[in-house]
Amino acid sequence: RDDDDINDVASMAGVNLNEESARIMATNSDLVGTQMQSCKDEPFLAAIPLHKRILETAKKLGITDVPAEVVTFISHATQNRLRTVIEKVTVITQHRMESYKDDEWYEQATDVRAQLKFFEQLERLEKQRKDEQEREILLKAAKSRSRQEDPEQARLKQKAKEMQQQELAQMRQRDANLTALAAIGPRKKRKLDTPGLLSIGGEGLGVSGGSQAGLGTASPRQYPRQKITRVNLRDFIFYMEQEREMSHSLLLYRALLK
């Protein structure tokens, strides 16, 4: 019934299905009956070393002969497995490197780096407060003029004297650095930082606007940089943890111990 409906619709449109089928067959007649031949089968691994390795493993199981077709099949299986592993690890690496800071659909909930900076600032302020308290104690000990001084008081005075000498040395070093910077003057731009620089073969050739007006301004050619995906050991460990046959393997434990 469905075929009748199609024929009715085609006939209403003025199309004869038998003629169209014959026309298609006549158009593609050169493809009908042709023999398709695949390309040469090239193994992924070296056949001779792989065959020897397979024979060593097969002899332990009582197998004495391994045909060449088995070696080729194992080579292709290794290639397919390696391709699958690389594709999955590449996806894991891309997810790890992906940033969601500028995505409008994501909102940052916590900022660990800012929290660490805050704790570092607290520790710095606490250390500064303790240093100020110790400095006040040392200054009070240095100003005291008691005739009978105990060893602890003498030690505090000596420490206060050393602290004052150290602060004086730091002030002198700071003044010397400022004087040296003032004598040097402002930092001059290097030739590589100046505009209109053309780099050819690692050598810089500056093009000025006055003497080289006829040559125009040289602009460095921009080459598209290829994006490189760097896979590390942590990505492989994550991949092995997700795979059922490798989640409890010896290879995973060895990778975790590195």
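Residues numbered from 1 in each chain as written. Predicted model: local features only at pLDDT ≥ 70, side-chain atom pairs only at ≥ 80, totals over all residues. Heavy atoms only, no water.

So, about the overall build of the protein chain. Secondary structure summary: the protein chain contains eight helices and two strands in total. Put simply, the protein chain runs from its N terminus to its C terminus through helices and strands in the order α-α-α-α-α-α-β-β-α-α. Across the 258 residues of the protein chain, 11% fall into the buried class. The long-range share in the protein chain, meaning contacts at least 24 apart out of those at least 6 apart in sequence, stands at 43%. Carbon and sulfur atoms provide 55% of the accessible area of the protein chain, an area that totals close to 23,800 Å². (Helix = DSSP H or I, 4+ residues; strand = E, 2+ residues; numbered from the N terminus. Buried < 20%, exposed > 50% of the residue type's maximum accessible area, 1.4 Å probe, protein only. Contact = heavy atoms within 4.5 Å. Areas by Shrake-Rupley, 256 points an atom, 1.4 Å probe, with all protein chains shown as cover.)

Compared with the 50 Å implied by 1.5 Å per residue over 34 residues, the 50 Å span of helix H6 (residues 151-184) between its first and last C-alpha is a close match. Those residues of H6 that sit buried are Gln153, Leu156, Ala160 and Met163. On the buried face of H6, the contacting elements are helix H5 (112-143). Once H6 finishes, Gly185 follows within two positions and takes phi at roughly 95°, a positive value. (Expected span 1.5 Å × (residues − 1).)

If you trace the backbone, Thr93 turns up in helix H4 (residues 68-97). Here Thr93 is in contact with Thr229, Arg230, Val231 and Asp235, once residues within four sequence places are set aside.

This next bit is on a nonpolar patch on the surface. A cluster of nonpolar residues, Phe118, Phe119, Leu122 and Leu125, forms a patch on the protein surface that exposes about 410 Å² of accessible area. Mapping Phe118 onto the fold places it in helix H5. (Patch = residues over 30% accessible without salt bridge, like charges linked within 9 Å, V, L, I, M, F, W, Y side chains within 5 Å. Salt bridge = Lys/Arg side-chain N within 4 Å of Asp/Glu carboxyl O.)

Counting nine residues, the largest nonpolar core consists of Val85, Val89, Ile92, Ile237, Tyr239, Met240, Met246, Leu252 and Ala255. If you list the elements that add at least two residues to this core, you get H4, helix H7 (233-242) and helix H8 (250-257). Beyond its immediate stretch of four places on either side in the chain, Met246 contacts Arg81, Tyr239, Met240, Leu251 and Leu252. (Core = buried A, V, L, I, M, F, W, Y, C linked by side-chain atoms within 4.5 Å.)

In this section: the packing of H5 against H6. As a packed pair, H5 and H6 sit with axes 8 Å apart at the nearest point and diverge in direction by 115°. Put simply, H5 runs roughly perpendicular to H6. For the pair H5 and H6, the crossing hand works out as left-handed. Taking contact as the criterion, the partners of Glu134, Arg135, Leu138, Leu139, Ala141 and Ala142 in H5 are, on H6, Gln153, Leu156, Lys157, Lys159, Ala160, Met163, Gln164 and Glu167. (Axes fitted to C-alpha atoms, helices over the stretch in contact; angles between N-to-C directions. Parallel < 35°, antiparallel > 145°, perpendicular 65-115°, else oblique. Left-handed = near helix turned anticlockwise from the far one by under 90°.)

Mapped onto the secondary structure, Glu243 falls in the loop between H7 and H8. Accessibility expressed as a relative area gives 13% for Glu243, which makes it buried. A distance of 3.1 Å separates a polar atom in the side chain of Glu243 from a polar atom in the side chain of Lys88. (Polar contact = N/O pair within 3.5 Å; in protein donor to acceptor, adjacent residues only side chain to side chain.)

Let us now look at the confidence of the model for the protein chain. In this model, the protein chain carries an average pLDDT of 78, and 74% of its residues clear a pLDDT of 70 or more. Counting interchain partners and residues more than four positions distant, the pLDDT-below-50 stretch residues 194-216 has 22 contacts. (pLDDT = per-residue confidence, 0-100.)

Where helix H3 (residues 47-60) contacts H4, the two axes come as close as 10 Å, and the packing angle between them is 105°. One element, H3, and the other, H4, form an angle in the roughly perpendicular class. For the pair H3 and H4, the contacting residues are Ala47, Leu50, His51 and Ile54 in the first and Val71, Ile74 and Ser75 in the second. Classifying every residue of the contact of H3 with H4 by side-chain character gives five nonpolar, two polar and no charged. (Nonpolar A, V, L, I, M, F, W, Y, C, P; charged D, E, K, R; others polar.)

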